[in-house]
Structures are given as structure tokens and as C-alpha cells.
Amino acid sequence: MDFHTFANLSRNMNKKYHEYEGLDLPAFEKEILKYWGDNQTFEKSISLRAGATPFVFYEGPPSANGMPGIHHVISRTLKDMVCRYKTMQGFQVKRKGGWDTHGLPIELGVEKELGITKEDIGKKISVEEYNKKCREAVLRYKDKWDDITRKMGYWVDLNDPYITFKNEYIETLWWLLSELYKKGYLYESVSIQPYSPAAGTGLSSHELNQPGTYKDVKDTSCVAMFKAVRNDRSEFLYSKLLTSLSGRQAPNPELFFLAWTTTPWTLPSNLGLTLGPNIDYVLVKTFNPYLHNHLNVVLAKNLVPKYFKEEGKDGDFDAYDEKQKIVPWKILAEFKGSELEGCEYEQLFPYEANSPAAIEEITPGAKPFRVLLGDFVTTEDGTGIVHTAPAFGADDYRVGKKYNIGILTMVDRQGKFLDGLGEFSNRYVKNYKDEKDYVDVNVDISVKLKKENRAFKVEKYEHSYPHCWRTDKPILYYPLDAWFIKTTAIKDRMVELNKTINWKPASTGEGRFGNWLENLVDWNLSRSRYWGTPLPIWRTEERDEQICIGSIEQLRNEGAEADKALGTDNAAILSDEKLDLHKPFVDDIILVSSKGLPMKRVPDLIDVWFDSGAMPYAQWHFPFENRETFKESFPADFIAEGVDQTRGWFYTLHAIACLVFDSVAYKTCVSNGLVLDKNGNKMSKRLGNVVDPFKTIEDLGADATRWYLITNASPWDNMKFDVDGIKEVQRKFFGTLYNTYQFFSLYANVDGFSFKEAPVPLEKRPEIDRWILSSLHTLIQKVTAHMDDYEPTQAGRLIEDFVDEQLSNWYVRLCRRRFWKGEYEEDKISAYQTLYECLETILRLVAPVSPFFSEALFNNLNAVSGRFKEESVHHVSYPKANASMIDVLLEERMRLAQDVCSLVLSLRKKVNIKVRQPLQKVLIPALDPQMKAQLQKIEELIRAEVNVKEIEYLEPDNQFIRKKMKANFIALGKKLGPKMKAVSAAIAEFTQEQIANFEKDGQYNLLVDGEPVILQISEVETSSEDIPGWTVASKGRLTVALDITLTPELESEGNAREFVNRIQKIRKDSDFDLTDRIEVKVSGAEGLKESLAQFKDYICAEILADSLDFLPSIKEGTLIDINDNSLNVIVLKKG
RNA sequence: AGAUCCGUAGCUCAGCCUGGUUAGAGCACUACACUGAUAAUGUAGGGGUCAGCAGUUCAAAUCUGCUCGGGUCUACCA
């Protein structure tokens, strides 16, 4: 393989096209990688486009602390392909790489490695030391990533990547945050967040979505009874009761609200009951199923059947006793949730710690223990009444705040009850400490409620509940301070801008992303971690003054003022050499407020997703540097990542762009699906079904892998990855293309074809050349349209079909003789030029998908022809379709020819006559003049291909063939409607005479169900059914009949052809060169002598023989057999 | 729980948007051919309740609804 030296050679008429020993894709690729490296081919692909319209692409930063997997290869193939395509289309496509370096996975990896937990940070290891470890860990696998990037042929600038932990990067983040702060979009609030008491840490949504965090668990659930206070507000309920008093009912009837919970431990923190304003509720009279006393309860009407058996409805209350299974019940009244708003109830678990006095102390002025209304209430579970503990649920918190019911957090951060809760004090609400004899406090709570006539139903309930993926313990929702971005403020704008984005597939944008935007909540930015971007907010201890820092310069200025006013030593921390905008250093900086008070940084870090979403700005250190570069590269024309990034990177990019710049961040977004194993299972290390991309590329080649990933399924469908599929691509597509190239170079080298002659004008080229060129340009048109539409799968499949079906199996097969026979003159040159153009164009078309193979072969071709001055296929322009070369009729009739040949060959097969045996005639009914004209133009080609002497056409009006008519359903269906069935049946029954009349008149009157129907000839399809006495085959409208009579003349020619075939085999077996002349001696060919003599000239021409002699006998010749005649031949190379 | 994608031959996928009467390809399998591209190619064959049910329609793989199965994402599942 020496193609890469071509650049150093001047063009040379004697230069040969490189011929290969075999197809070894991985070997190709190694050569090409070296070539690209030596020649800076990637860099030049950008610099050569200086001044061209930019096509802006953003690289989503991978995290380099894990190994790259095969799923990374698919999205990167997609990205690379688009960028290469756009480059070839004339755009300048810069691709700045990047690394995501902050965040939880990195921290956890480090903790695992060091064998520590979060609590140890700052104790066993200093924050400084810990962050240093993180910084070392983030780029642990960078080499592997760089390696796969290179080997898969992903062109991205790895020399100057953006790295999210750099001060410059963080400075841009701070600037963005300060912009948000100025707009009032950055605020602090208590929020209810997932929290792991076992680990003592809040959990990010990321952590909550680790595989296996949601587990099905059985919890003790309890329908608690909250006793309504009788007052003016509730009197209307009590009045319903009094009218239905019965004998056994106490004079002071009790009335309860039923509320369900799967977390009874939250009940001591209860402060409200929430009802749906539009939900129907009923007041039901019944008995307590445990204590059997009289009860009156309120619950949602829909849920009555869940708690009351139909048999008990309006049952006999007086006859009830405890042994009875059927509990009688009766609906006394019905009302909307809204009618109950403001009703009060008695606290369920009154203790010291949650006493009204305590509530008043925590939240002065709060009015707890009331009925509230909330839209989130459903009647799918529970009772339609939601027990509301503001501390332990986000909905609860929100509705609680709205009604000012206060907040009680009766559980501490270790997950145990506070003091002052009676027998429950200091008990863990779940078994967080792996205590052997842990008694579930939820059960005890439920038992207590039962005993006190406060539980209506207690049972185990199975549901999926989030667990801390590190400790495997259930999380709880817990109130924590957090900073938010008020994304809800610009929700409508985000929705509006989203509609301008070209999503591939559209459903990701409209459905998944659109819905997400519709249900937007404010972005919780806070993370209580160590390794990440610090929130740049400093404030006084009293929290009455705060500042958001937007640049390093501002921080230095503020720092210097503090140094002056407070005598701090910020200057040391902020010096150029020492500056590090991470913990713990930033936390050591003390600023000064306008009142002269010290301000400390709030301890929070920000969500890492903000890091990546800010990359359009931060990668250029905007606005501190590169203002122009940024302007030219925002927003992106194109991004692509896995669909799992919809709520990740796609969202954060969109949100920040909308918030700060009132713009989209990207115009087109391609989201690819997952890569599953070949059985459709998700790849995971645990299952051991992960595919190693290094091995795949090493074994099978990047090009075949890329081609497979692109063409096997649309990128957004989940793909079942199977290496056998890559092997198929290798064999089928690359093998065929390679063979075609080898075929071309074999003969082009023999004839010295180097495209030095002027192109043969199209009109002078034979039909088949014009056809393949027409098909080629049609292909270019379609492929370009698909590529522009980000539908590479469609484009790739079309190319595959062209290479395999059209170019290789039709054009080359039919044209073989033109390359090896005859002189080097116009027809042959036309063939070379045509095939050359096809190859060259295909290689340019596939270059974005399979960059290596196309580079190698393109350069091989170009090294000889010198048609392009560019040194890489990736620098040349993408082929442009030339409409004047497209001839639709020509393409149509070639399809017709292919069909005719296929039918004739199948007939030959049926009667067992070899293709080498010539036959006299094929009969084809020409159903209309157009069809006949089309067939006549390709007659010669058909005759040669199927080895028949003549083609005879049967005119439309001949009486010879039997015809068949079929309704044209599309045309007739609309016209006839319900009569369709009857008419189509009638048409199918037409006699030959009826058909003939129909064809003659052009229309036909039919009587269907007594009603006349006039059929036009265009409303039916005619085909020939049979030609009596002939062997026929048909496909659609096309029918062919083959004359299978073998005359002695034909047999004789057949013998001659067989003989040629045998001699050719001997030539080949003897390793003769294509051009070697031979002498042939034959003996024992008595039965064939006449045939061979008759076709001697033909035979000699075919086998390049100077003589063909018949001898009485031959010793040591080769014994061959032709049509049951055996003969002995000697084939000698001359000279 | 919600959203979304997917379900067509043993396997990988077309076809569905825009309904039309024998549902196609490739791989694999079987048989027979062909052979100066040969680790290729051709022809033929077997192989399908188009996940299921219901509806709309003269006509449904195709449109609608529901159900089931698989994947993913999301979740404030009380």
C-alpha cells in the first residue's frame, strides 16, 4: 500500500492505479490516519475554507473519567458525518472539542478510590486535597478518548479543547449567573429535595436516576382519620349527620376526613389536608372496621368502592355486629372539594415538639390543621384527600406555603424523630443504621392510630420508591435551602423558541422536549458538594446584604476593598499564580458589604449541567475574550447527542440561551437512540454485554462500523448492535465497491487509462453509459436531499443500492467485455470514463460516512488522473447533480430491461437451458406504443444479456395473447365507493372479446346492481395472462415468452461457447496473463468438430488463440467435457 | 404514574406520512446454475395471524381508539 506517497510524485502518464491484494479495512485506516497526520488534513479542511460561510457545530463535552463505549461512537459518527458533509458543501466547520470535568460521578469515583464518604471530606481529607484528587481524576481516560476519537475518524479539535474546570470557563459561568442575578432570575428558597439520611446528603436528580434507584418496596400504608372540628364552617356537614341519626349512634356524632399515606412517619409533621377543588366527595356513614364503633367519614366519591363493599351499601346498621364481614355503609351527602375549603380538624399526634406553640414559634402567624385545595390531588390512589406535611413533599410544601399552615420537620437529618414526640422520640423512621432488631416505627404509628380510633385501614402497600444508590436506603424528601433559576418566568418564550428548532426526529422536540417545557419548574442549581463551579454569591451573616460576582476582575476589586476595610488577605488568594475559583479557596475570600460587614460565600456549588449548557459562551471565555468568534458561532447550526440528553444538555443549552440571550442555542438538534446489545438489552458492565469500541474498530474497521451504525437503522431508533451486521456491511458494501475499483484498475492499468482524453460527449456514449450516469446523478440528487434533511440512513441505503444493484451487478457485469475486448478507442474510453466518474462520485458521496476508505480509493484514482488538485477527498466539494444528465425514460427502460432479463433467465432455468446456449427468439407483448419504443431501445442489451438472437413484439391488438384486466383501485375506488367490490369482480371476469371491445372503444358500459357504470380505459390495468403454446413468465404488466427450440445451428454455437468457456478456465488455471496469446490443440472432438470448425474465428478471438488445430490424439492434454462429448486439449502460451 | 419511541420472515430492516387487492429486501437455510471482478454473482424454493382487540372505510400493515410487550426519559406516586 503506497497511496500516501502519491502526493510526492508528480503526475505521471505511466502511473498505475494502485491494486490491492485483498480488502483489509483496518489496514487501510492505519495508512490513512498516518496520511492525515502527516498532511494535517483535518486542520486544512478548516483552513482551506477560510472566509466561507461558517456552519456552527457544538461538541457536547464528554466526561473523560469513564471509558468510551460503542454508544459514543454512534453519536460521534453522526456529528462527524454532518461536519464533513457541510465542509464538502463549502462551509467552514470549526469543531472545538471539550471536556466535562465537574460533578458527582467524578466525586464518587474519587471517594470510592480513597475509600471515604462525603462525611470524611474536611475531616480525613482536606477539601483542597480532595479537589486535587478530583482534578487528577477527571481526565483519567483522556488518552483513551483521544485514541478512540482518532481511530474512529472523528475530526474534532483536541488540541485546544474547552475544559469546564478552568478559571476562564468558570468566569464565564459566573458572568452568566450574574446576568441572571441582575434580571432577578436567581433566587434562594427552601425546597423539598431528595435527601439520603443514611448518607447524610442531598441527592441530585442525576443520582436519583442511576439505574436501580427506584425499587419496588412494601411499605406500611395507613388511611388515617382526621377528626373535623365542628364549627360554622363544617356545620353543613354535621347537619347532614343529625338527620340520619340511628339508635346506636352517639349523640355527639364524630366526623372524619380520611387521608392515605405510605409514610406514616410524616403524620406527626402533618399540618393540612388537601382536597381537589373539582373532585366530588361524599360523606359516608359506616363503622370502624377495627373498633366497630359508629363512624362518619369523608372521602372522594370515586374511591368509595375501594373501601366499601357493594353488598354493604345501605345495609342494616342496627343489625351490624363485629363478626359480620359485610360492613354496612350509606352515603349521606355529596359535595365538591371546594365546598370544604377552610374546614378545621384536630391534630392527629399532638406532642410537645409539634404543639401549636411550637408551630407558632417556627412559623409565626401560621394557621395549621385546615382543609386546603390543590390541583395535584387525584383520585387514583388513596382517598382523594392528601395528608399534607409541608416538610416532606414538594406539593405539600407549595400548597402549605400558599395557605400559610406553617412547617414542621419532626425528623432530623439522620432520619430519626426529634425529642418531644413521646414514645416515638429518637426513633429512626426507616432502618437507616442496619439495626438488627429494628422495629418499624411506621407500624407502631399505625397501631397507635388503630387503637385510638384514628385509623380506617392499615395495609402493606407495594410501590416503587427512590433509594440512595450509594447506601441502598430509601431516600426521603427533606427541606433544604437551595438557589434556583426562575426558568418558569420565561417558559412561554422557551416554548415559542423551541418551535423554531429543527428536531430530528420531530417527536423528541415536540413530544419529549415540548412536554418537558410545558411542565417546567424552576431550575434547582444548588449542590452541596465540593468539586464543581462555586455559586458566586457572597452575603452577610444576617443575610440582608449580598452580592453576585460576575468576573474575576470584580472579585479582585471587591476583595481589595475588603482587604482595606476589614484587613483580610484576599489579595494573596486572588493573585495570578494562586487563583483557583474552586473550593476551598473561594470560600476563604471575604468581601465587605456596603455597611462594612463581612460577606462570606454561600456554600453551594452549582449543578454541573449549567457547566455544559453554558459551553457556547464559556468555550470562548465570552464576554471577556473572543467576542467576534462568539458572535459568529452562536447559535449553533447543528448539535447531536443521545436522546437521554433531552432534559440534560439540550435543555440547559436552551434554557441559558433563552434566559440570557433570548435566542435558541441551536437550530437543528439530532437526538440518537440507544445502542442495545444484539438481543435488545441495554448494555451494562454488570451484564457483560458491553461492546468494546476499540476492539470493534480494530477488528472490523471504523468505516464499516460507521456505515453500519448509520445505515442499519435511523439514528433515533434504538439500535441492536451486532458485529455480524458490520461484517455484512464489510462484505456487501465495501466488498462490492472494492471489487468494482479493483476491476477498474485492473483494466485501466492494462490500457493505460488516465483520463487524459477529453470526455466523450454524452450523446456519443452508449445507452448503458448514459443510463448509469443518469442513475448516478439521480442518486446525487436524492442523497443530497436526504443529507440536507439529516436523514443519513436514507442516503446511505440509496448509495448501497446503487453500488450493488446498479453499478456492480448491472453496469459492470454488462460492460465487462468493453473493458477487455477491442482496441483503446472511443467506446472503450467512454466505458472507462463512465466507470471512473461513477467511482469517483460514489467515493465523494460516501466520504462523510466512511472517511478512510473513500480517502484511500479517491486518492488512488486522483493520483493517476489528477482531476482534483485537492489532496483529500474531504477537501473537495460534494458532488452536484447535473439535471441535464438525468433521463427518466432511460432509467425506466433500463428497469424494464432488468425485468425482461430476469424473466428470461428464470425461464431458462425452468427448462434447464444454460445461458451459454443461444436461443432464437423472445416474444414480448407490447401493451402500448410507449412500451414498445422503450423496449426497442434496449433490445440489443437484452439480447446479449440473455443470449437470444431476436426479440419479437406482439402489438397491442393482436389476437394471439390472452389478456387479463384488473380494476385500477386507486382511480375507481373514489368514483365508485360501495360499488367497488362488484365492479372489480365484474372486470376480472371479462372475456377476451369484452377486453378487446373495451380497448377498441376506450370505454365500457357496465351494469352493476341494475345501475349503469361507465368505465374508462385509464381506470383498468391490462396485462397479458398467457401466450398459448409458449413458455411464459410475467411480472406486473410485463410478460415474456421464450422460444426454446434448439436448431442444429444454435446447438453448434452453444458448443462453441462451451468450448471457449473451458479454454478460458484453463487459461486462468494456468495463470496466464490477460493478454497472453495461446496455441490450442484438440483431439477426440468428433461430435464437436463441426461446431468448432464453424465458429473457429469466434473461438480464437475470444480465447486470444493464434491457432486451433485438430489432432488425432494428444498425450498429456487436459480432458474436458462439453455437452457429453469428452475431448483432450493442450493450451500453450506463445513466446 | 406520565411522556415518547418501537413491535412486519429465524435475524437486521423497508413499506405506514399520502389506505388500493400476491406485504418487500438483505442475511441465514435449501437446490440448481454462472464464472478472465471469483472471499463475487444469478435463478428458484421454504419461511408472515404485519403484537392483539375494536372502530372508520367499498378497501387497513398503513388512519383512530384501547390493550399487551420492550426500550428510554421524567416524576412533587401523597
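Undergrad: Hey, could you run me through the sheet that holds strand 3 (residues 186-196) in this one?
TA: Neighbouring strands of a sheet are bound in pairs by backbone hydrogen bonds; such pairs are parallel or else antiparallel. An order of 4-3-14-16 is seen for the four strands of this open sheet, with the pairing classed as antiparallel. With one partner strand each, in any of the chains shown, strand 4 (201-202) and strand 16 (523-524) form the two edges of the open sheet.

Undergrad: Honestly, the protein's contact with RNA strand B in this entry has me stumped. Any pointers?
TA: Looking at RNA strand B, there are 63 residues lining it, with Asp395, Asn712, Arg916, Phe969 and Arg1067 nearest. Here, RNA strand B places atoms within 4 Å of the protein, and 61% of those atoms are sugar or phosphate. At 3.2 Å from a sugar or linking oxygen of RNA strand B is found a side-chain nitrogen or oxygen belonging to Thr262. Contact distances for RNA strand B include 2.3 Å between a sugar or linking oxygen and a side-chain N or O atom of Asn712. Broken down by class, the residue content of the surface near RNA strand B amounts to 20 nonpolar, 22 polar and 21 charged.

Undergrad: Explain the packing of helix 7 (residues 167-182) against helix 21 (residues 649-661) here, please?
TA: Where helix 7 meets helix 21, the closest approach of the two axes is 10 Å, and the angle between their N-to-C directions is 55 degrees. Comparing the axis directions of helix 7 and helix 21 gives the class oblique. Both helix 7 and helix 21 take part in a crossing whose hand is left-handed. Between helix 7 and helix 21, the contacting residues are Trp175, Leu176, Glu179 and Leu180 on the first element and Ile656, Leu659, Val660 and Phe661 on the second.

Undergrad: I'm lost on helix 29 (residues 888-911) in this one. Help?
TA: The α-helix advances 3.6 residues per turn, and as a result positions three or four apart in sequence lie on the same side. Taking 1.5 Å per residue, 24 residues should reach 34 Å; helix 29 reaches 35 Å between its end C-alpha atoms and fits that length. The opening residue of helix 29 is Asp887, an N-cap whose side-chain oxygen sits 3.1 Å from the backbone nitrogen of Leu889. Immediately downstream of helix 29, the backbone of Asn912 shows phi near 60 degrees, a positive value.

Undergrad: Quick question: what am I supposed to make of the confidence of the model for chain A here?
TA: Do not read the fine detail of predicted coordinates wherever pLDDT is low. Residues with a pLDDT of 70 or more make up 96% of chain A, whose mean pLDDT is 85. Of all the helices and strands in chain A, helix 8 (residues 205-208) carries the lowest mean pLDDT, 64, while helix 2 (residues 41-47) carries the highest, 96. Confidence over residues 1-13 falls short of pLDDT 50; this stretch has 26 contacts with residues more than four positions distant or in other chains. Note on the complex model: pTM 0.85, ipTM 0.88.

Undergrad: What is the right way to look at empty space enclosed by the protein in this model?
TA: Any space left empty among the atoms is revealed by the rolling of a water-sized probe across them. Taken as a whole, this structure holds four cavities of 30 Å³ or more when the rule is applied. Of the volumes computed, that of the largest cavity is approximately 60 Å³. Taken together, Trp707, Ile710, Thr711, Val783, Met787, Pro792, Ala795, Gly796, Ile799, Leu845, Val849 and Tyr878 make up the full set of residues lining the largest cavity. Every element with two or more residues in the lining of the largest cavity is listed here: helix 23 (702-712), helix 25 (767-788) and helix 26 (792-820). A total of four residues in the lining of the largest cavity trace back to one element, the largest contributor, which is helix 26. Its boundaries defined by the atoms lining it, the second largest cavity holds a volume of some 40 Å³. Lining the second largest cavity are Met81, Val82, Tyr85, Met787 and Tyr790. Here the residues of the lining of the second largest cavity are counted per class, giving five nonpolar, no polar and no charged.

Cut-offs applied
- Residues numbered from 1 in each chain as written.
- Chains lettered and ligands numbered in written order.
- Predicted model: local features only at pLDDT ≥ 70, side-chain atom pairs only at ≥ 80, totals over all residues.
- Heavy atoms only, no water.
- Pairing = 2+ DSSP bridges.
- Helix = DSSP H or I, 4+ residues; strand = E, 2+ residues; numbered from the N terminus.
- Near = heavy atom within 4 Å.
- Polar contact = N/O pair within 3.5 Å; in protein donor to acceptor, adjacent residues only side chain to side chain.
- Nonpolar A, V, L, I, M, F, W, Y, C, P; charged D, E, K, R; others polar.
- Axes fitted to C-alpha atoms, helices over the stretch in contact; angles between N-to-C directions.
- Parallel < 35°, antiparallel > 145°, perpendicular 65-115°, else oblique.
- Left-handed = near helix turned anticlockwise from the far one by under 90°.
- Contact = heavy atoms within 4.5 Å.
- Expected span 1.5 Å × (residues − 1).
- pLDDT = per-residue confidence, 0-100.
- 1 Å grid on protein atoms, 1.4 Å probe; cavity = no way out; pocket = protein on both sides within 12 Å on 5 of 7 lines; lining within 4 Å.
- Points joined across faces, edges and corners; volume = space filled by probe spheres on them.

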